[in-house]
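The lines below spell out each chain.
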Amino acid sequence: MKFKRMSKGSASAKFTLIIVIMLIMGYVLNSGLQVGKFGTDRGQAKYITQGLDLKGGVSITYEVSKNNKNWTQKQLDDTKRKMELRVQQFSTEAQAYIEGEKRITVEIPGENDAEKVLKELGKPGSLYFCTKDESTKPTKKQLENKEFIELKDDPQYKGVYKIWLTGEEVKDAQGNTTMNEQKTATEDIVSLKLNDKGTKAFADMTTQFDDKTSYIIYDGKVISAPTINDPILGGEAQITGMASKEEADKLASNIRIGSLSLELNEISHSVASGQLGSDALSKSVMAGLIGLIIIMIFMLFVYRVPGIAACLSLVAYLELMLLALNGYNATLTLPGIAGIILNIGMAVDANVIIYARIREEIARGVRVEEAIKTGFSKATSAIVDGNITTFIAALVLLWRGSGTVKGFATTLAIGIVVQLFTALVVSRILINLLFNMGFDKPSMYGKEMIKKVISFVQKRFVYWVVSLVVIAIGLGALAFNASKGDAFNYSIEFKSGQTTTVAFNKKYNMDDFNKRIKNDIAKEIGSNDIQASIDKATNTFTIKTKKLEGDKFDKFTNMLVKKYDAKTLKDGNFANNMITSTVSKEMRQDAVIATIIALICMLFYIWFRFRNIQFAISAILCLAHDVLIVIGCYALTRLTVGTTFIACVLTIIGYSINATIVVFDRIRENRAAMEPKETMENVVNKSISQTLTRSIYTSLTTFVAVFMIYIMGVSSIKEFTLPLMVGIVCGAYSSVCIAGSLWYVLKGKAYDKALAEKEANKIHKKNK
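The structure contained in this document is the topic of the report that follows. (Residues numbered from 1 in each chain as written. Predicted model: local features only at pLDDT ≥ 70, side-chain atom pairs only at ≥ 80, totals over all residues. Heavy atoms only, no water.)

A few points about the overall build of the protein
Turning to step 1, where the next piece is worked out: For the protein, the helix and strand inventory stands at 19 helices and 21 strands.
Turning to step 2, where the next piece is worked out: Taken over 768 residues, the protein has a buried fraction of 55%.
Turning to step 3, where the next piece is worked out: Across the protein, every contact between residues at least 6 apart in sequence was considered, and the portion connecting residues at least 24 apart equals 78%.
Turning to step 4, where the next piece is worked out: Accessible surface, the protein: about 35,100 Å² in total, of which carbon and sulfur atoms supply 57%. (Helix = DSSP H or I, 4+ residues; strand = E, 2+ residues; numbered from the N terminus. Buried < 20%, exposed > 50% of the residue type's maximum accessible area, 1.4 Å probe, protein only. Contact = heavy atoms within 4.5 Å. Areas by Shrake-Rupley, 256 points an atom, 1.4 Å probe, with all protein chains shown as cover.)

Rendered as structure tokens:
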């Protein structure tokens, strides 16, 4: 792509042009976000689905039906897990937990119409795949054991049916549109996938009743009567003959919700407010914008003309990110914001790498036009490798993760694609445009100073000792905490707790709660781990806390009555129930497994790209270093470990690997251009020194963005951003002081030893 150059104008004209560009940039950003007094109710931001923590959603409570006889706790746990999976069709951030002895509550973010959700979710009931049996009169035991079911109320389908499999054997059911058998038109169908037990039972049914009618009975009614055309042996089937896609979706939804272990009855539903209050997101957005403005000023000051292109490409990233979040209907929560912050850091990083390269070329005496072309060419490999490595991790987390982990991974994956496009395409177009507008003097781009080579490798033992001491302190705190109880200060998302329903004689909102009431509750119960939401219809608070032992519950409720005029029930008590964790054991296992698989995939990618296993091992060890320090931070500070903990650790992994890749990419480049007698130690030192400015700038700009959110955000956001800042600092430290030295010990040291022996042999022969 080429642009026709405009004639060189005066300095004042160019300055005016820059001001106009910056004003346009500010207008575009504001029109997209519409922050300030409007919050996020205008522009593109208003269409983004916000999570339970930011905006709230629908809460539905179910109770085990009396139709279930002799049910067990295991069945209740299994039903809760399946409900958790069901509600994630609305959002990956939806959650479910057991309340009391026989209730299950589901919470779905971003929804404001409870009746609509109930209709789409369907009524959890019993689902059976049957054939009609005219000859058998089932006994009571056979009916209880679900061998047969008898329908009496529906004249059309009255009779006895043999049950071949239940909804529990259904892995998935989806409404789809596909081509018919003649390939002449489309038709709407329901696609079924069965588990191993269901596959065998379905094969038996379809083999014995080929060319006969089967019946899908849900909640005591026949909802579909498909004809069996052929024996189906593979565990996958299609139900055809749907009148519309809507009918197919409804049948699929009933089949999915009917695969629960227990039949449930809905006993209450409400639309709850956001847990962080109405101003939490607007404060975070405002803090993010202030941080972004500081970053832009920094980029303009340091990189001059390229800084303009960097600022505009960052705005393009934010605008495209908003559009992408809308397009993918992603749910934005605190962990999702972490993914965006990480991508802003990576976007700044990409621009810093490019413009540092351009400066290096100008310092070598290359013309500006050629320096721009070469700078982008040389920077591309480091940028692409760093982003692809993080993208691999995001894909694995999408595949294996669930809940919050999947929400974080979605935001991260979208952001990587967007910021790669803005850094390598938009930024290139902009800087070429500025060059051809007359911004073509080397002084407008700056000249990279000749960097003194710092002896990082020689000082490696000092760095390693510092790291080991810090890690040891963190692990020591972890062990000490474990000896006193829990190693971490687990939140009610990870451990069971209790809910207390509270109504007040005076009207309070979530901002009142977070600013005043929450602090007073924390003093009474000795914990900041408190979550709350308001039923918008009744203005009733649902307050979640840890299990309150001894007299803590009485102190907590008495304080609410005396200080805030809370209402009690007729017996003078408050309605409260025990609840299970919202982050299930399966979700935690998914997160751990996904992270391990992601690390293995990242290791293999680095090995493949750098053709050197030592690079991969060093990178993974650096990641372990950073994660251990962040974990130690949680142990020392006793910050609450909840779903944001998972997002924080994943963010640090993504940030750190990106920084390490940049250093390794420069080592690879310098290694290929080594002088005959140059040592690998010098190559490593030179590479780290050459990328040191980039490491400082990137860490500083990302730190500023997070720090602004820390000082301006609500308390829950502060608990999230503090370890994130620790991770950013230790990620930069490990990339500069640990990664290169580790690779040198694993690989480069042997080269230097062989080189020294070779030189010694030459001297020995010469002396002979």
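Still more ground to cover, so stick around.
With respect to the packing of aromatic side chains
Turning to step 1, where the next piece is worked out: Enumeration according to the criterion identifies 23 aromatic pairs in this entry.
Turning to step 2, where the next piece is worked out: Arranged with centres 6.3 Å apart and planes meeting at 90°, the rings of Y463 and Y733 form a pair that is edge-to-face. Highlighted residues: Y463 in helix 12 (residues 460-484) and Y733 in helix 19 (residues 715-767), separated in sequence by 270 residues.
Turning to step 3, where the next piece is worked out: A residue is classified by how much of its surface remains accessible, and Y463, at 15% relative accessible area, is buried.
Turning to step 4, where the next piece is worked out: Of the aromatic side chains, those joined through ring pairs into one cluster are F504, Y508, F513, F541 and Y564. (Phe/Tyr/Trp six-rings, centres within 6.5 Å; stacked < 30°, edge-to-face > 60°.)

Brief notes about the nonpolar core
Turning to step 1, where the next piece is worked out: Judged by nonpolar contacts, the single largest core of 128 residues is most densely connected at M299, I358 and Y445.
Turning to step 2, where the next piece is worked out: By residue number, the principal contributor to this core is helix 11 (residues 404-436), which donates 16 residues.
Turning to step 3, where the next piece is worked out: For I358, the contacting residues outside a window of four places in its chain are A371, I372, G375, F376 and I431.
Turning to step 4, where the next piece is worked out: By size, the runner-up hydrophobic cluster in this structure holds 46 residues, among which are L165, V190, I239 and L264. (Core = buried A, V, L, I, M, F, W, Y, C linked by side-chain atoms within 4.5 Å.)

Thoughts on the sheet that holds strand 9 (residues 186-194)
Turning to step 1, where the next piece is worked out: What the three strands build is an open sheet, ordered 8-9-12; its pairing is antiparallel. Whereas interior strands pair on both sides, the edge strands pair on one side only; in this sheet they are strand 8 (170-179) and strand 12 (236-239). Here the average twist between neighbouring strands, direction ignored, is 25°.
Turning to step 2, where the next piece is worked out: Helix 6 (residues 245-257) contacts strand 8, strand 9 and strand 12 of the sheet and is inclined by roughly 170° relative to strand 8. (Pairing = 2+ DSSP bridges. Axes fitted to C-alpha atoms, helices over the stretch in contact; angles between N-to-C directions.)

Considering the packing of helix 16 (residues 613-637) against helix 17 (residues 643-672)
Turning to step 1, where the next piece is worked out: Helix 17 packs onto helix 16 with a crossing angle of 145° between their chain directions and a minimal axis gap of 9 Å. Considering the relative orientation of helix 16 and helix 17, their crossing is right-handed. Where helix 16 approaches helix 17, its residues F615, S618, A619, C622, L623, D626, V627, V630, I631 and Y634 are matched on the opposing element by T644, F645, C648, V649, I652, I653, S656, I657, T660, F664, I667 and R671. (Left-handed = near helix turned anticlockwise from the far one by under 90°.)

Describing the pairing of strand 16 (residues 497-504)
Consecutive residues of a regular strand have side chains that alternate between opposite faces of the sheet.
Turning to step 1, where the next piece is worked out: Counting buried residues along strand 16, six of its eight residues qualify, which places the element largely inside the surrounding structure.
Turning to step 2, where the next piece is worked out: Summarising the sheet, strand 16 and strand 18 (residues 540-546) pair through six bridges and their orientation is antiparallel. Each bridged residue has a counterpart across the sheet, and for T500 the counterpart in strand 18 is I543.
Turning to step 3, where the next piece is worked out: With five bridges joining them, strand 16 and strand 20 (residues 575-579) adopt antiparallel strand pairing. Bridge pairing in strand 20 links Q498 to M578.
Turning to step 4, where the next piece is worked out: As paired strands, strand 16 and strand 19 (residues 566-567) are joined by two bridges and run antiparallel to one another.

Observations concerning the packing of helix 13 (residues 510-525) against helix 14 (residues 552-564)
Turning to step 1, where the next piece is worked out: With their axes 9 Å apart at the nearest point, helix 13 and helix 14 run at an angle of 145° to one another. Remark: the crossing between helix 13 and helix 14 carries right-handed chirality. Residues R516, I517, D520, I521, E524 and I525 of helix 13 form the contact with helix 14, whose own contacting residues are K552, K555, F556, M559, L560, K563 and Y564.
Turning to step 2, where the next piece is worked out: Classifying every residue of the contact of helix 13 with helix 14 gives seven nonpolar, no polar and six charged. (Nonpolar A, V, L, I, M, F, W, Y, C, P; charged D, E, K, R; others polar.)

Regarding a negative patch on the surface
Turning to step 1, where the next piece is worked out: A grouping of D113, E115, E120 and E266 is seen on the molecular surface, where their side chains present a negatively charged patch.
Turning to step 2, where the next piece is worked out: Tracing the backbone shows E115 in helix 3 (residues 114-121).
Turning to step 3, where the next piece is worked out: Residue classification places E115 among the exposed positions, given a relative accessible area of 51%. (Patch = residues over 30% accessible without salt bridge, like charges linked within 9 Å, V, L, I, M, F, W, Y side chains within 5 Å. Salt bridge = Lys/Arg side-chain N within 4 Å of Asp/Glu carboxyl O. Lys, Arg positive; Asp, Glu negative; His and termini not counted. Charge placed at Lys NZ, Arg CZ, Asp CG, Glu CD.)

Some details on the pattern of salt bridges
Turning to step 1, where the next piece is worked out: One pass over the structure, following the stated rule, counts 18 salt bridges.
Turning to step 2, where the next piece is worked out: Taking the shortest distance from any N to any O, the salt bridge between D249 and K245 comes out at 3.0 Å. Of the two residues, D249 and K245 both sit in helix 6, four residues apart, roughly one turn of that helix.
Turning to step 3, where the next piece is worked out: R694 is the partner of D349 in a salt bridge, and the nearest nitrogen-oxygen pair spans 2.6 Å. In this pair, D349 sits in helix 9 (residues 334-363) while R694 sits in helix 18 (residues 680-712), placing the two residues 345 residues apart along the sequence.
Turning to step 4, where the next piece is worked out: Judged by its relative accessible area of 2%, D349 is buried.
Turning to step 5, where the next piece is worked out: Judged by relative accessible area, R694 falls into the buried class, the value being 7%.
Turning to step 6, where the next piece is worked out: Connected through shared salt-bridge partners, R357, E360, R666 and E669 make up one network.

Points about the sheet that holds strand 7 (residues 159-166)
Turning to step 1, where the next piece is worked out: Here we have five strands laid out as an open sheet, ordered 6-7-5-10-11, and antiparallel in their pairing. The strands lining the two open edges of the sheet, one partner per strand, are strand 6 (148-151) and strand 11 (221-224). Going from strand to strand, the sheet's axes swing by 45° on average, the running direction of each strand aside.
Turning to step 2, where the next piece is worked out: Two elements, strand 5 (residues 127-132) and strand 7, share five bridges in a ladder whose sense is antiparallel. Each residue of the ladder has a partner; that of K132, found in strand 7, is Y161.
Turning to step 3, where the next piece is worked out: Here helix 5 (residues 196-208) sits on the sheet in contact with strand 5 and strand 7, set at roughly 140° to strand 7.

Structural notes on helix 5
Turning to step 1, where the next piece is worked out: For helix 5, spanning 13 residues, the distance from its first C-alpha to its last is 19 Å, which sits close to the expected 18 Å at 1.5 Å a residue.
Turning to step 2, where the next piece is worked out: Three or more residues of helix 5 are buried, namely G198, T199, A201, F202, A203, M205 and T206.
Turning to step 3, where the next piece is worked out: Buried residues in helix 5 make contact with strand 5, strand 7, strand 9 and strand 12.
Turning to step 4, where the next piece is worked out: Two to three positions downstream of the cap, the backbone nitrogen of K197 sits 3.2 Å from a side-chain oxygen, assigning the N-cap of helix 5 to N195. (Expected span 1.5 Å × (residues − 1). Polar contact = N/O pair within 3.5 Å; in protein donor to acceptor, adjacent residues only side chain to side chain.)

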